[in-house]
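Spelled out from the first residue to the last, the chains are:
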Number of protein chains: 4
Amino acid sequence: KNPLVLLAGPCVLEGYERSLYIGRRAKEIAYKLGIPYVFKASFDKANRSSYKGFRGPGLEEGLAVLKRIKQELNVPVVSDVHSEEQVGPAGKVLDVIQIPAFLCRQTDLLYAAAKTGKTVNVKKGQFMAPKDMKNVIDKIKSAGNEQIMLTERGASFGYNNLVVDMRSFPIMRSFGYPVIFDATHSVQLPGGGGTCSSGNREYVEYLTRAAVGAGVDGLFMEVHDNPQEALSDGPNMVCLDNLEDILKDALAIHEIAKKHF
Amino acid sequence: KNPLVLLAGPCVLEGYERSLYIGRRAKEIAYKLGIPYVFKASFDKANRSSYKGFRGPGLEEGLAVLKRIKQELNVPVVSDVHSEEQVGPAGKVLDVIQIPAFLCRQTDLLYAAAKTGKTVNVKKGQFMAPKDMKNVIDKIKSAGNEQIMLTERGASFGYNNLVVDMRSFPIMRSFGYPVIFDATHSVQLPGGGGTCSSGNREYVEYLTRAAVGAGVDGLFMEVHDNPQEALSDGPNMVCLDNLEDILKDALAIHEIAKKHF
Amino acid sequence: KNPLVLLAGPCVLEGYERSLYIGRRAKEIAYKLGIPYVFKASFDKANRSSYKGFRGPGLEEGLAVLKRIKQELNVPVVSDVHSEEQVGPAGKVLDVIQIPAFLCRQTDLLYAAAKTGKTVNVKKGQFMAPKDMKNVIDKIKSAGNEQIMLTERGASFGYNNLVVDMRSFPIMRSFGYPVIFDATHSVQLPGGGGTCSSGNREYVEYLTRAAVGAGVDGLFMEVHDNPQEALSDGPNMVCLDNLEDILKDALAIHEIAKKHF
Amino acid sequence: KNPLVLLAGPCVLEGYERSLYIGRRAKEIAYKLGIPYVFKASFDKANRSSYKGFRGPGLEEGLAVLKRIKQELNVPVVSDVHSEEQVGPAGKVLDVIQIPAFLCRQTDLLYAAAKTGKTVNVKKGQFMAPKDMKNVIDKIKSAGNEQIMLTERGASFGYNNLVVDMRSFPIMRSFGYPVIFDATHSVQLPGGGGTCSSGNREYVEYLTRAAVGAGVDGLFMEVHDNPQEALSDGPNMVCLDNLEDILKDALAIHEIAKKHF
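Before going into details, it helps to say that this report is about the structure given with it. Just so it is clear, the structure is predicted and the values come from calculations on it, not from any experiment.

The next point concerns the interface of chain D and chain C. On the chain C side, the residues contacting the 38 residues of chain D number 38 residues. When chain D packs against chain C, the two sides together hide about 3,300 Å² of surface, and 47% of this comes from carbon and sulfur. Our enumeration of links across chain D and chain C arrives at two salt bridges. The shortest N-O distance in the salt bridge between D:Asp108 and C:Arg55 comes to 2.8 Å. The tally of links between chain D and chain C comes to 14 residue pairs in polar contact (both at pLDDT 80 or more). Every element with two or more residues in the side of chain D that touches chain C is listed here: helix H4 (107–115) and helix H5 (133–142) of chain D. Its residues placed into classes, the side of chain D that touches chain C shows 11 nonpolar, 15 polar and 12 charged.

Okay, here's the thing in structure tokens:
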């Protein structure tokens, strides 16, 4: 009843073997704690700061890898789409279709995702007020889909910085759909690295406990066995070695917070 | 030398006759003042706050109308694209392809627009630091196109509010490409109307004089003969009756500011 | 070890009897839960939005009331000072001298407070980065006082809104002094009521659980038996009837978070 | 008719001779352009980031220097006060009493300043919405003084950064009192230097032209013959060698903008 869900995996697919390895470990940790697990990885980083950033294997190869991991680990998978064209093929493999924060107001993309009948997870734009996500929900519902999740990943706070407004959790949960906290993108420093985004991994654990205290339905984390080697978003990724401790605290706080659900 | 350019028209195409009427009047006012004029109108508002907002005639019909207006008025036209698929057809009609602010980091869209060989005008995201637009320029240049314009349209400032940071003009102009001030979107109050964005048209003239004082290469304005009747963005649109006065002041200030270019 | 402290009371002194009543109930609730309690009330609201706002009994009468309450309840008391002149008399009664957020960089006020030898609790300015509170600490230490507390009460987020950046707790705790979360001022909407500040009491419980999850040493709350009747800050005050529930959750989460201290 | 006023001088008094030298040059430049000039310098920097920052000569000696400069240059003088106690002596020398931004809501300080009968110039707090300065005006008027000026010096924009919202000029001018643009503090990066504030002098000219375009009644600038040597706020000060050029442009733009007054 009201379990805390975990969406986790490498930021971008880094080949079948390594991605599977990361997913397997994340699953083991989650299951050990009784946490439902969804494997997450992007097949295409379509909005890197710089055109030189690694983008991933692309739609076709990426979906093939996600399908194999899904079967091998026997878990649902989530990935993000960036155009209507990607939604059709993606909907055949993914259990959860994720709409990136920058694209959270693109009506056609929301419609296309909704029409797949799969769960649609929309990241709140860095430029959006929490209450305005109600309009996003209405767009998805108007396409006949009520399988909706919203994800908080920080709001613009001056330049090259994000702040997580904890009021967003009760505000967005009041719409009646699960709300996820994206703990690793929330500590990004967008553009903070000049030609790439920087980040502060050390705050992930603090923000996670805070968000769970405010009340969330799940956590989203980019994890890696060696974040220094990660091909994208290394500075804000969580090391797999620390995942269990972070989740244990989150679970314990969730027990307290969910009485108010 | 260093003339101030005007990109103006209705927010969204409102039929050939009315759009032409608006464009004709805007052109007359601009030409009377010696200002180069580009007709602007969207064929599709792809990211309205609510799914019930008017979206426009769509790609095919919209481009046909834009083509007729371009020929009838004998002026260049600019419009915004929202997917790679739109870029090909759009590039056949438009002189300037505009990338919406929310999409300013979508690498594939920037590449596709760049590949048309047309001028690419990128609106700075509400979530972007001015200096980080350098990465956007590099994406376009890496696709072999140096016909680039950047447009300031305000930065996220808390919720449902934008602020124009006048430092962004010298910062972005230092990259070597023309910088435009979008005077009407900058006074938007995003989501401020609940299921639509509200706005403060009364500040357009102040922000325009300020931006031109800081130093810009052009102005972008959504204009209408009767903003109350406009099918999109009425609260922040400029009435055609006021356009000449706003431009006269802008021109006079531009004469002073451009000595520093 | 590492107990959670509570600083609570009416925003402004509302006469001896009612203030005592509020303090007695707050103390009972805190002690029942094993929480150390400090009575809080202002004798003078020196920076109300409007000059018509109720300001309180003033220094002399206010300190007399605080002294009686301190003796009657046998608890330490905290109140805020606004000028060097107030510090001397205040230091004779108060156990904790509080520096208001707007005044957190006033060197002479900090020095004067430090020189009393009492604990100095500085509220972080709405305009301050958490890391910059290190300079405030150094000012107090340079006056020979190491009894220091820092309090988070939200950062400016656009106009008429505050956001609590949960990263501020680990950042400020790293300086080596206790950090308090001011749960009721953090939900203020400064100037949101035109000639007074408005607020969102409903978010107090969420932000409290979040802040305790991130890790704090104490909570600051303005409480009242009937917030509608409060003479100041009613819209963001906590009703005494809800205090025990809020503290119970906070305590339970604190048990989890303090393992990381 | 609607001349542009200049308030300028060193940030802090740096001895009679050097302060006089700076004031004399600033006056000459201003008068040459027909601009009314007010000498500005602080006698005490009461809120430096660090306790080690230079604070100035203090009240008594500082007022004596200001009095001599006022007589020698035959111009009005402005300086800032930080406590009610300073207001009495300051009111005997100063023509304009300035309330620092952090203190703009301190009711007693506003009252005391108002009671001197001198002009009161209030800097808008970095945490204040422009419309809320109406309450500040009402505080001063309620003390029987209508000689009021408001000064814009930037709003908090994330951490360690300020943004000048050009809408603040028409909003604050609508209250019926002169509005000044503080061009040098507006380019400060508060706390940006660790134990001191940093700044971006290079943006002063851009923001000045922008603010004058939006419409102001005067400019406030900290100037120095050698900003590198300045004892406070060097990184954002204007070099006297550049003052004339900045003012010339400002005057020319003011001619255009003031038609709308």
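Let us keep going from here.
The interface is formed by 28 residues belonging to chain A together with 28 residues belonging to chain C. A buried area of about 2,400 Å², summed over both sides, lies between chain A and chain C, and 65% of it is on carbon and sulfur atoms. Contact with chain C buries area across many residues of chain A, yet A:Arg167, A:Tyr203 and A:Ile256 alone supply 24% of it, more than any other trio. One can count two salt bridges joining chain A with chain C. A:Lys259 is the partner of C:Asp249 in a salt bridge, and the nearest nitrogen-oxygen pair spans 2.9 Å. For the pair chain A and chain C, the number of links is 10 residue pairs in polar contact (both at pLDDT 80 or more).

Moving on, we come to the side chain of D:Thr208. As for its placement among the helices and strands, D:Thr208 is situated in helix H7 (residues 204–214). Beyond its immediate chain neighbours, meaning those up to four positions away, D:Thr208 contacts D:Phe181, D:Ala183, D:Leu219, D:Met221, D:Ile246 and D:Ala250.

Next up on the list: the relation of the copies chain D and chain C. With an axial shift of 0.0 Å and an RMSD of 0.0 Å, the rotation relating chain D to chain C amounts to 180°. Taken together, these values place the two copies in the relation of a two-fold axis. Considering only C-alpha atoms, the part of chain D nearest the rotation axis is D:Phe102, at 2.8 Å.

This brings us to unusual backbone geometry. Residues apart from glycine generally show negative phi values, whereas peptide bonds are mostly found in trans. Positioned with a positive phi, B:Asn160 is a non-glycine residue whose angle comes to about 55°. In this fold, B:Asn160 is placed in the loop between strand S7 (155–156) and strand S8 (162–163). Here C:Asp233, not a glycine, exhibits a phi torsion of approximately 60°, which is positive. Topologically, C:Asp233 is positioned in the loop between strand S12 (218–224) and strand S13 (238–239). Among the residues examined, C:Asp233 registers a relative accessible area of 13% and is labelled buried.

Let us look at the pattern of salt bridges. Proximity of charged atoms lets side chains of opposite charge pair with each other. Counting across every chain of the model gives 80 salt bridges over all chains. Here B:Arg18 and B:Glu229 are joined by a salt bridge, their closest N and O atoms 2.9 Å apart. With a gap of 211 residues between them, B:Arg18 in helix H1 (residues 16–32) and B:Glu229 in the loop between strand S12 (218–224) and strand S13 (238–239) connect regions that are remote in the sequence. Residue class for B:Arg18 comes out partly exposed when judged on its relative accessible area of 25%. Under the relative-accessibility criterion, B:Glu229 is labelled partly exposed at 43%. The partner of D:Arg55 in a salt bridge is D:Asp44, and the shortest N-O contact between them spans 2.9 Å. Here D:Arg55 is found in the loop between strand S2 (37–40) and helix H2 (59–73), whereas its partner D:Asp44 is found in the loop between S2 and H2, with 11 residues between them in sequence. Note on accessibility: D:Arg55 and D:Asp44 belong to one class, buried. Here the residues in one salt-bridge network are A:Glu205, A:Arg209, A:Asp249 and C:Lys259, joined through shared partners.

Before going further, it helps to examine the environment of A:Tyr31. Residue and element names in this part refer to chain A. Residue placement: tyrosine 31 occurs in helix H1 (residues 16–32). Residue class for tyrosine 31 comes out partly exposed when judged on its relative accessible area of 42%. A sequence separation of 25 residues divides tyrosine 31 from leucine 6, and the C-alpha atoms of the two residues are 10.0 Å apart. Every residue in contact with tyrosine 31, bar those within four places of it in the chain, is listed here: Tyr37, Asn74 and Val75.

What counts and what doesn't
Residues numbered from 1 in each chain as written. Chains lettered and ligands numbered in written order. Predicted model: local features only at pLDDT ≥ 70, side-chain atom pairs only at ≥ 80, totals over all residues. Heavy atoms only, no water. Contact = heavy atoms within 4.5 Å. Buried area = accessible area lost by both parts, 1.4 Å probe. Salt bridge = Lys/Arg side-chain N within 4 Å of Asp/Glu carboxyl O. Polar contact = N/O pair within 3.5 Å; in protein donor to acceptor, adjacent residues only side chain to side chain. Helix = DSSP H or I, 4+ residues; strand = E, 2+ residues; numbered from the N terminus. Nonpolar A, V, L, I, M, F, W, Y, C, P; charged D, E, K, R; others polar. Least-squares fit on C-alpha atoms with pLDDT ≥ 70 in both. Buried < 20%, exposed > 50% of the residue type's maximum accessible area, 1.4 Å probe, protein only.

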